[in-house]
Each structure stands twice: as structure tokens, then as C-alpha cells.
Amino acid sequence: MEDMETKETETTDNEDERFDVESALKRLEEINTRLAAGNMPLSDSIVLYKEGVELAAKAKEHLEGVEKELQIVREEN
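This text gives an overview of the structure that appears in the document. Only a predicted model underlies this, so the values are computations on that prediction, with no experimental measurement involved. (Residues numbered from 1 in each chain as written. Predicted model: local features only at pLDDT ≥ 70, side-chain atom pairs only at ≥ 80, totals over all residues. Heavy atoms only, no water.)

### Here's the deal with the pattern of salt bridges
Here's step 1: The final tally for this structure, using the stated rule, is three salt bridges.
Here's step 2: A salt bridge links R27 to E51; the shortest N-O distance between them is 2.8 Å. With R27 in helix α2 (residues 21–37) and E51 in helix α3 (residues 42–76), this pair connects stretches of sequence that are 24 residues apart.
Here's step 3: Take E51: its relative accessible area is 29%, and that puts it in the partly exposed class.
Here's step 4: Members of the salt-bridge network, linked through shared partners, are R27, E30 and E51. (Salt bridge = Lys/Arg side-chain N within 4 Å of Asp/Glu carboxyl O. Helix = DSSP H or I, 4+ residues; strand = E, 2+ residues; numbered from the N terminus. Buried < 20%, exposed > 50% of the residue type's maximum accessible area, 1.4 Å probe, protein only.)

### With respect to the nonpolar core
Here's step 1: Listed in full, the six residues of the largest apolar core are F19, V21, A24, L28, L55 and A59.
Here's step 2: Looking at this core, the elements that each hand over two or more residues are α2 and α3.
Here's step 3: Leaving out residues up to four positions away in the same chain, V21 has contacts with H62 and L63. (Core = buried A, V, L, I, M, F, W, Y, C linked by side-chain atoms within 4.5 Å. Contact = heavy atoms within 4.5 Å.)

### A closer look at the side chain of S45
Here's step 1: Looking at the secondary structure, you find S45 in helix α3.
Here's step 2: Not counting the four nearest positions on each side in its chain, S45 is found in contact with L35 and M40.

### Some thoughts on the packing of α2 against α3
Here's step 1: Contact pair α2 / α3: the axes reach a minimum separation of 10 Å and the direction vectors enclose 155 degrees. As summarised for this structure, α2 and α3 are arranged roughly antiparallel, according to the angle between their axes. Taken as a pair, α2 and α3 cross one another with a handedness that is left-handed. On the side of α2, the interface is formed by V21, A24, R27, L28, I31, R34 and L35, while α3 contributes S45, L48, Y49, E51, G52, L55, A56, H62 and L63.
Here's step 2: In the contact of α2 with α3, the residues fall into ten nonpolar, three polar and three charged. (Axes fitted to C-alpha atoms, helices over the stretch in contact; angles between N-to-C directions. Parallel < 35°, antiparallel > 145°, perpendicular 65-115°, else oblique. Left-handed = near helix turned anticlockwise from the far one by under 90°. Nonpolar A, V, L, I, M, F, W, Y, C, P; charged D, E, K, R; others polar.)

This is a description of form; function is not addressed.
This is the structure:
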């Protein structure tokens, strides 16, 4: 059982390490621009909005993790 939990944690950690905040912010800007233009069908706007919310949450989570790591480094020095 512990092996499965460890593998799940490792997978999550690896995904976080590969997460590119700059690319996420660029995509969020694209989404914002498209939504602000207001020339898409409502169903497409909802899909983009959901993508943006999920991406923003993932970026926030990633940045909070980085902030914790930096805090640990500061405390060690």
C-alpha cells in the first residue's frame, strides 16, 4: 500500500516540476484576450473559462510550493 502512495506522490511531484508557470501565464493571457473579445459562442467561452480557472489554480498551487521551498532554504541559511 505504501508503495502505491509513494508512486502517486512521486508522479505528482514530477508533474509539478514539469509545470511551466510562464507558459501557463501566457496561455491565461490568450484565454483572457479571447474571452474579452466576446465574439465566441457561449459554450466555447465556458470551456475556455474552465480551462483558465483550472490553469490559474494549478499555477497558484505550483507557486505556493516553490515559495515553501524557498522559505525552507532561507531558514537553513
